[in-house]
Amino acid sequence: MAAKEYTYTYEERRIIRATESSVQFDGEIVIAKNLLNSVRYVYDNEGTLTKKIVTPANGTAQTNHYETTDDNTVVKFKVGGKTVFGR
């Protein structure tokens, strides 16, 4: 049976790091585990998320930038060399 496993690291009650792994079981016993993605979270001095950096185990990191205004949060990231905005 194959499954996904997520591991989180916290600092001052905020997630600062996460990993996503593929895990295979034989009954209740883990028989294989492979890292799929590492994620790093960056916060400003007020504790607001400003960046999320996702690095695949065999690829290039993608950085999502977060900008928070009074009424919403905007996410910026690059796709095909172009900057994309989302809410």
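The shown structure was predicted, so the numbers you read here are calculated from the model rather than taken from an experiment.

Right, let's get into the overall build of the protein chain. What the protein chain contains, in helices and strands, is zero helices and seven strands. Helices and strands in the protein chain line up, N terminus first, as β-β-β-β-β-β-β. The contacts in the protein chain between residues at least 6 apart in sequence include a share of 8% that link residues at least 24 apart.

The next thing to look at is the pattern of salt bridges. Counting across every chain of the model gives two salt bridges. Of the charged contacts, one joins Glu 20 and Lys 4 as a salt bridge, the two residues approaching to 3.7 Å between their closest N and O atoms. With Glu 20 in strand β2 (residues 14-26) and Lys 4 in strand β1 (residues 2-11), the pair connects residues that are 16 residues apart, well separated along the chain. For Glu 20, a relative accessible area of 17% puts it in the buried group. With relative accessibility at 52%, the residue Lys 4 sits in the exposed group. For Glu 5, the salt bridge is made with Lys 33, and the minimal N-O distance between the two is 2.6 Å. With Glu 5 in strand β1 and Lys 33 in strand β3 (residues 29-43), the pair connects residues that are 28 residues apart, well separated along the chain. The partly exposed category is assigned to Glu 5, whose relative accessible area is 28%.

Taken together, Tyr 6, Tyr 8 and Tyr 10 make up a surface patch of nonpolar side chains, about 370 Å² in accessible area. For Tyr 8, the location among the structural elements is in strand β1. Overall, Tyr 8 belongs to the partly exposed group, its relative accessible area being 42%.

Any pair of aromatic rings gets described here by the distance separating the centres and the angle formed by the planes. One pass over the structure, following the stated rule, counts zero aromatic pairs. Positioned over the ring face of Tyr 43 is Arg 14, at 5.3 Å from the centre of the ring.

Position of Asn 64 among the secondary structure elements: in strand β5 (residues 62-68). Engagement of the side chain of Asn 64 in a polar contact is seen with the side chain of Gln 62, the distance being 3.3 Å.

Bringing the pairing of β1 into the picture now. Along a regular strand, successive side chains alternate from one face of the sheet to the other. Relative to β2, β1 runs antiparallel, the two being bridged by 10 bridges. What sits directly across from Thr 9, in β2, is Arg 17.

In terms of strand pairing, strand β4 (residues 49-56) meets β5 through four bridges, oriented antiparallel. Across the sheet, residue Val 54 finds its bridge partner in β5, namely Gln 62. Turn length for the β4-β5 hairpin, with the two strands adjacent in sequence and antiparallel, is five residues.

Calculation criteria
Residues numbered from 1 in each chain as written. Predicted model: local features only at pLDDT ≥ 70, side-chain atom pairs only at ≥ 80, totals over all residues. Heavy atoms only, no water. Helix = DSSP H or I, 4+ residues; strand = E, 2+ residues; numbered from the N terminus. Contact = heavy atoms within 4.5 Å. Salt bridge = Lys/Arg side-chain N within 4 Å of Asp/Glu carboxyl O. Buried < 20%, exposed > 50% of the residue type's maximum accessible area, 1.4 Å probe, protein only. Patch = residues over 30% accessible without salt bridge, like charges linked within 9 Å, V, L, I, M, F, W, Y side chains within 5 Å. Areas by Shrake-Rupley, 256 points an atom, 1.4 Å probe, with all protein chains shown as cover. Phe/Tyr/Trp six-rings, centres within 6.5 Å; stacked < 30°, edge-to-face > 60°. Lys NZ or Arg CZ within 6 Å of the ring centre and 35° of its normal. Polar contact = N/O pair within 3.5 Å; in protein donor to acceptor, adjacent residues only side chain to side chain. Pairing = 2+ DSSP bridges.

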